[in-house]
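Letter by letter, the chains look like this.
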Amino acid sequence: MRPARTFWLVLLGTVSSLAGGQSFDAFMDRLSENLRLAGKEGQMRLHLSGTVDLEGYRYEGPAPGLIRNDDETLLQPRLSVFLDAQAGPRWYGFAQVRVDQGFDPSNADLEIRLDEYALRFTPWEDGRLSLQAGQFATVVGQWVHRHLSWHNGFITAPLLYENPTRLSDLRPPYSEYSLTYPYDGYGYYYNPVIWGPGYARGISASGHWKQLEWALELKNASLSSRPEYWPVTRTGFQHPTVSGRLAWRPDLRWTFGLSASEGSWAGPGERFEDPGQYRQQVFLADFSYAHRHLQLWGEYAVARFSVAGFGEDLETRVWFIEARYRIMPRLSASLRWNEQRYSELYYYGNEIGEWGSRLKRLDAAINWRFNAHTQLVLEVDHYWAEEEGEDRFVFSGRLTLRF
Amino acid sequence: MLRFAVWAALQLSFMGLLADRGSTTGATIEGTVPLPPSPAPAVMAKRYEIVSKGGILSTIPPVGVVWLEGNFPEEGNPPVLQIVQKDFVFDPALLPVRVGTVIEFPNEDDEYHNVFSYSPAKRFDLGRYMPEERPIPSQVFDQAGMVTLRCDIHEHMRAIILVIDSPYFVTTDTRGRFRMEELPAGDYILKAWINSRETLEIPVRLESGKTLQVTFTGD
């Protein structure tokens, strides 16, 4: 796509020339200071911040993950604006508005969405308890802490958060046999185990006691539900999902966590006659390590999906391990290994195959910061889908301007 | 772009001897620097934290830095100084140091910080380290210029180190007032750093035992 390539080059050239000097950082710092508001005595404070991202994808074959695109290249611009508000020591609120071509990359028209908003009450200043209500990221796992573009070493999410299974919350599967075939159309029409950060709506309680951290949430949609179903205007609380996480932090370097979630994975509407019979259970173990310039993360999840009329639950196991190292002050490198496997399907006691294609994926990325406000990430992902013999690369790049 | 706006009102006070606290060997400069209004205080983003800490961040009113520029003989090693990370802010938020100074960055919070700078005068990244780690991570600031200090984890954290090629410098108070004593007599440039955009300067003649009154005025 020549126009896309030209756009990239012009943008890169512009940013590179702007980004070299200290004056650009000073300008952005002043801009940030001008996006703050405070009341008298400074007890009520507001801050607007955000990122401007330009992502590009290049791949062969069908669009990978949750991308909706008919071409083999895609350019995805995105503006994310955050509002952080603090009222006294106990009240904190935040919101995130995005302007882009869809929550996941697509060739659709630009749209504006209120993706996140929440109000948090922290009765004690040491953070032993916080209560929150709104539409916000799930407490399950650790990946949500780095899912935004500036702090993410990668452009793609781990398989756990973006690889579609053969189940779809748009409609129930016709039979066990229908799950033995690769899906038609975009993967976007199907559901991963956890859909990105899972910005569903609900309430949460969280806190810590000594070295233990805990969190519980009650939300209107399951971890696997699609972004269109997160607003309460689409999905009510008739079939809520309960999730929780318990983590042990022996010191600042290490975190070991266990999460669990249970709820209905069925989407709203008439196609699922009894949504309560379509259950999703997720059990997830995670760890992280960080010291000096090295960061490591790992997550292992077992997800079970029940389907009305199916004899056995469908199970998938998906895990990843990720490392990031800062080689120089402005240069980091990231590496991630992902794998996903599916259980066998049975039909009248006979094995008819696994309900998904075993997938392995190796992701590698480098991250170059032009300055404190602009960075470039280049990533290559290598897919191995064992059953279908699919072996392909996906290339992506992202330029981020933070303000 | 930094702009250097230069304007000064200079008064040589003949009453200086009276205000000189009896010093007979060195010169003294005192005066005021115009300071910018305080920016609105920062807000700590804690959208994805399970444990919500760091309620209201402390506010630090702006101050300036005044120094004498000239050719001065080398003195001994500069002292080791500290910028502390505590309650999710850098303290002090503005630190003038002489070229060659070692600054330590102790972490006194019970959370990670990640101090870094991409400023041309000093580029470094200390990574994440725990409060009890020894030796305390430090850097030598061996090139004159402005160094903006940041935390890679907490976006609101920012501080400035002004690395000065002179042993004679002082931080103003929050009203912009300053006083430097025991200065060598001679002709120099007196500089006042107001913020990252504005540094004022004025030529001064210092006479031993006298006090020079200087009022910087910005555009």
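Residues numbered from 1 in each chain as written. Chains lettered and ligands numbered in written order. Predicted model: local features only at pLDDT ≥ 70, side-chain atom pairs only at ≥ 80, totals over all residues. Heavy atoms only, no water.

> Any details on the overall build of chain B? Residues and values, ideally.
A tally of helices and strands in chain B yields 0 helices and 18 strands. The 219 residues of chain B split such that 53% are buried. (Helix = DSSP H or I, 4+ residues; strand = E, 2+ residues; numbered from the N terminus. Buried < 20%, exposed > 50% of the residue type's maximum accessible area, 1.4 Å probe, protein only.)

> Kindly report on empty space enclosed by the protein, identifying the contributing residues and their values.
Tallied over the entire structure, the rule returns 9 cavities of 30 Å³ or more. Reported here for the second largest cavity is a volume of approximately 200 Å³. Contributing to the lining of the second largest cavity are 19 residues, with Gln132 and Val139 of chain A together with Arg47, Glu49 and Ile50 of chain B lying nearest its centre. At the level of elements, β5 (111-121), β6 (129-135) and β7 (201-209) of chain A are the ones that each hand at least two residues to the lining of the second largest cavity. In terms of residue count, β6 of chain A provides more of the lining of the second largest cavity than any other element does, 3 residues in total. (1 Å grid on protein atoms, 1.4 Å probe; cavity = no way out; pocket = protein on both sides within 12 Å on 5 of 7 lines; lining within 4 Å. Points joined across faces, edges and corners; volume = space filled by probe spheres on them.)

> For the pattern of salt bridges, give the residues involved together with the corresponding values.
On inspection of all chains with the given rule, the structure shows 40 salt bridges over all chains. With a closest N to O distance of 2.6 Å, aspartate 125 of chain B and arginine 326 of chain A form a salt bridge. Of this pair, aspartate 125 of chain B sits in strand β10 (residues 122-128) while arginine 326 of chain A sits in strand β13 (residues 314-328), placing the two residues on different chains. Using a relative accessible area of 10% as the deciding quantity, one classes arginine 326 of chain A as buried. With a closest N to O distance of 3.3 Å, arginine 326 of chain A and aspartate 152 of chain B form a salt bridge. (Salt bridge = Lys/Arg side-chain N within 4 Å of Asp/Glu carboxyl O.)

> Residue-level account of the packing of aromatic side chains, with values.
Tallied over the entire structure, the rule returns 29 aromatic pairs over all chains. With centroids separated by 5.1 Å and ring planes inclined at 80 degrees, the aromatic side chains of tyrosine 342 of chain A and tryptophan 355 of chain A adopt a geometry described as edge-to-face. In this pair, tyrosine 342 of chain A is assigned in strand β14 (residues 331-342) and tryptophan 355 of chain A in the loop between β16 (350-354) and β17 (359-369), connecting sequence segments 13 residues apart. When sorted by exposure, tyrosine 342 of chain A lands in the same class as tryptophan 355 of chain A, which is buried. Among the aromatic residues, those joined into a cluster by ring pairs are Trp265, Phe272, Tyr278, Phe305, Tyr342 and Trp355 of chain A. Here the basic side chain of arginine 68 of chain A rests over the ring of tyrosine 188 of chain A, its NZ or CZ set 3.9 Å away from the ring centre. Seen from the ring of tyrosine 92 of chain A, lysine 46 of chain B lies directly overhead, with NZ or CZ sitting 5.2 Å from the centre. (Phe/Tyr/Trp six-rings, centres within 6.5 Å; stacked < 30°, edge-to-face > 60°. Lys NZ or Arg CZ within 6 Å of the ring centre and 35° of its normal.)

> How would you explain the interface of chain A and chain B if you had to name every residue and give the values?
Contact residues are listed per partner, giving 64 residues for chain A and 49 residues for chain B. When the two sides are added together, the surface that chain A and chain B hide from each other amounts to roughly 4800 Å², 51% of it contributed by carbon and sulfur. The largest per-residue losses of area from chain A upon contact with chain B belong to Arg45, Leu252 and Arg292 of chain A, which jointly make up 16% of the total buried on that side. Taken together, the connections running from chain A to chain B amount to 10 salt bridges. Across the salt bridge formed by arginine 249 of chain A and glutamate 111 of chain B, the nearest N and O atoms sit 3.4 Å from each other. When residues in the side of chain A that touches chain B are grouped by element, the largest group, 7 residues, is from helix α2 (residues 22-34) of chain A. (Contact = heavy atoms within 4.5 Å. Buried area = accessible area lost by both parts, 1.4 Å probe.)

> So, the pairing of strand β2 (residues 44-59) of chain A: which residues are in play, and what are the values?
Residue and element names in this part refer to chain A. Sheet analysis places strand β1 (residues 36-38) next to β2, joined by 3 bridges and oriented antiparallel. By the bridge assignment for β2, alanine 38 is matched with arginine 45. What sits between the antiparallel neighbours β1 and β2 is a turn of 5 residues, in which glutamate 41 has the positive phi angle 65 degrees. Where β2 and strand β3 (residues 73-87) come together, 15 bridges link them in antiparallel fashion. The residue of β3 that forms the bridge with serine 49 is phenylalanine 82. Two strands pair when backbone bridges link them, and β2 and strand β19 (residues 390-402) are joined in this way by 9 bridges, in the antiparallel orientation. By the bridge assignment, valine 52 is partnered in β19 with leucine 401. (Pairing = 2+ DSSP bridges.)

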